[in-house]
Amino acid sequence: MPTHDEVDRIVEAWSRERPDLDFAPLQVLSRVGRLSRHLDRARREAFSTSELDSWEFDVLSALRRAGVPYQLSPKALLQQTLVSSGTMTNRIDRLVERGLVQRRTDPNDGRGILVVMTPKGQASVDAAISTLLVAESVLLEKLAPGDRERLASLLRKLSLDFD
């Protein structure tokens, strides 16, 4: 098994060319960036088997995690998916066209709207998450369970300021 990866080669070359700089951040963040690209590819493949785009999965999974009756306001969806209201409106429209969600009047606020996942949407997101977990497990298979837990803890610590 190789002991050096592409990031090691990049850092070594930069260190040779610019010995006056500390390249320690590249040791971590370049690897995170490269792994992110592999994860994006694995996610696209997992979602395509369920005929979903990643943004569709994001919206449907927010609804699924909300629990029965799998509905949220557009504002709640905005907060969970971190997109603009115009983008969310467009996404909801497209999901309605595909029969994955419906818009309903909020019974607690006659002026409000709820986005409700359809059975077709639930089947799609359930299949996608099952496929995704298999794909992501493959990406992590070289790490022992304890290493996975430590890595998750360190990444959580790093990401807290961004959430």
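Details of the structure are given in the entry above.
Residues numbered from 1 in each chain as written. Predicted model: local features only at pLDDT ≥ 70, side-chain atom pairs only at ≥ 80, totals over all residues. Heavy atoms only, no water.

### Points about the packing of aromatic side chains
Here the structure, examined in full by the defined rule, presents two aromatic pairs. With a centroid separation of 6.0 Å and an interplanar angle of 20°, the aromatic rings of W14 and F23 are classed as stacked. Accessibility expressed as a relative area gives 11% for F23, which makes it buried. Note on F47 and F57: the rings are 4.3 Å apart at their centroids and 20° apart in plane angle, and the pair reads as stacked. Of this pair, F47 sits in helix 2 (residues 24–49) while F57 sits in helix 3 (residues 54–65), and the two are ten residues apart along the sequence. Overall, F47 belongs to the buried group, its relative accessible area being 2%. On the basis of relative accessible area, F57 is assigned to the buried category, the value being 7%. (Phe/Tyr/Trp six-rings, centres within 6.5 Å; stacked < 30°, edge-to-face > 60°. Buried < 20%, exposed > 50% of the residue type's maximum accessible area, 1.4 Å probe, protein only. Helix = DSSP H or I, 4+ residues; strand = E, 2+ residues; numbered from the N terminus.)

### Quick word on the packing of helix 4 (residues 74–81) against helix 5 (residues 85–97)
Between helix 4 and helix 5, whose axes approach to 10 Å, the crossing angle comes to 110°. Looking at the two axes, helix 4 sits roughly perpendicular to helix 5. Here helix 4 contributes P74, L77, L78 and T81 to the contact with helix 5, which in turn contributes S85, M88 and I92. Residues belonging to the contact of helix 4 with helix 5 are distributed by class as follows: five nonpolar, two polar and no charged. (Axes fitted to C-alpha atoms, helices over the stretch in contact; angles between N-to-C directions. Parallel < 35°, antiparallel > 145°, perpendicular 65-115°, else oblique. Contact = heavy atoms within 4.5 Å. Nonpolar A, V, L, I, M, F, W, Y, C, P; charged D, E, K, R; others polar.)

### Observations regarding the sheet that holds strand 2 (residues 101–106)
Within the open sheet, the three strands sit side by side as 1-3-2. Their pairing is antiparallel. Edge positions in the sheet fall to strand 1 (71–72) and strand 2, since each has one partner strand and no second. Examined bridge by bridge, strand 1 and strand 3 (residues 109–117) share two bridges and lie antiparallel to one another. Bridge pairing in strand 3 places L72 opposite V115. This element, helix 3, spans strand 1, strand 2 and strand 3 of the sheet and lies at about 105° to strand 3. Relative to strand 2, helix 5 is tilted by about 115°, and along the sheet it contacts strand 2 and strand 3. (Pairing = 2+ DSSP bridges.)

### Some remarks on helix 1 (residues 6–17)
Taking 1.5 Å of rise per residue, twelve residues should cover 16 Å, and helix 1 covers 17 Å from first to last C-alpha, within 8% of that figure. Contact partners of the buried residues in helix 1: helix 2. Between the side-chain oxygen of the N-cap and the backbone nitrogen of V7 there are 3.2 Å, and the N-cap of helix 1 in question is D5. (Expected span 1.5 Å × (residues − 1). Polar contact = N/O pair within 3.5 Å; in protein donor to acceptor, adjacent residues only side chain to side chain.)

### Brief notes about the side chain of T118
Along the chain, T118 falls in the loop between strand 3 and helix 6 (119–140). If near-sequence neighbours (up to four positions away) are discounted, T118 is found in contact with G99, L100, V101 and Q102.

### As for the layout of surface pockets
Summary: where empty space remains is shown by rolling a probe the size of a single water molecule over the atoms. Of the volumes computed, that of the largest pocket is approximately 1700 Å³. Of all the secondary-structure elements, those providing two or more residues to the lining of the largest pocket are helix 1, helix 2, helix 6 and helix 7 (145–159). Broken down by element, the lining of the largest pocket gets its largest block of residues, ten residues, from helix 2. (1 Å grid on protein atoms, 1.4 Å probe; cavity = no way out; pocket = protein on both sides within 12 Å on 5 of 7 lines; lining within 4 Å. Points joined across faces, edges and corners; volume = space filled by probe spheres on them.)

### Examining a nonpolar patch on the surface
A surface patch of nonpolar side chains, about 490 Å² in accessible area, is lined by V28, L29, V32, L151, L155 and L158. Inspection of the secondary structure assignment puts V32 in helix 2. For V32, a relative accessible area of 36% translates into the label partly exposed. (Patch = residues over 30% accessible without salt bridge, like charges linked within 9 Å, V, L, I, M, F, W, Y side chains within 5 Å. Areas by Shrake-Rupley, 256 points an atom, 1.4 Å probe, with all protein chains shown as cover. Salt bridge = Lys/Arg side-chain N within 4 Å of Asp/Glu carboxyl O.)

What is shown is where atoms sit, not what they do.
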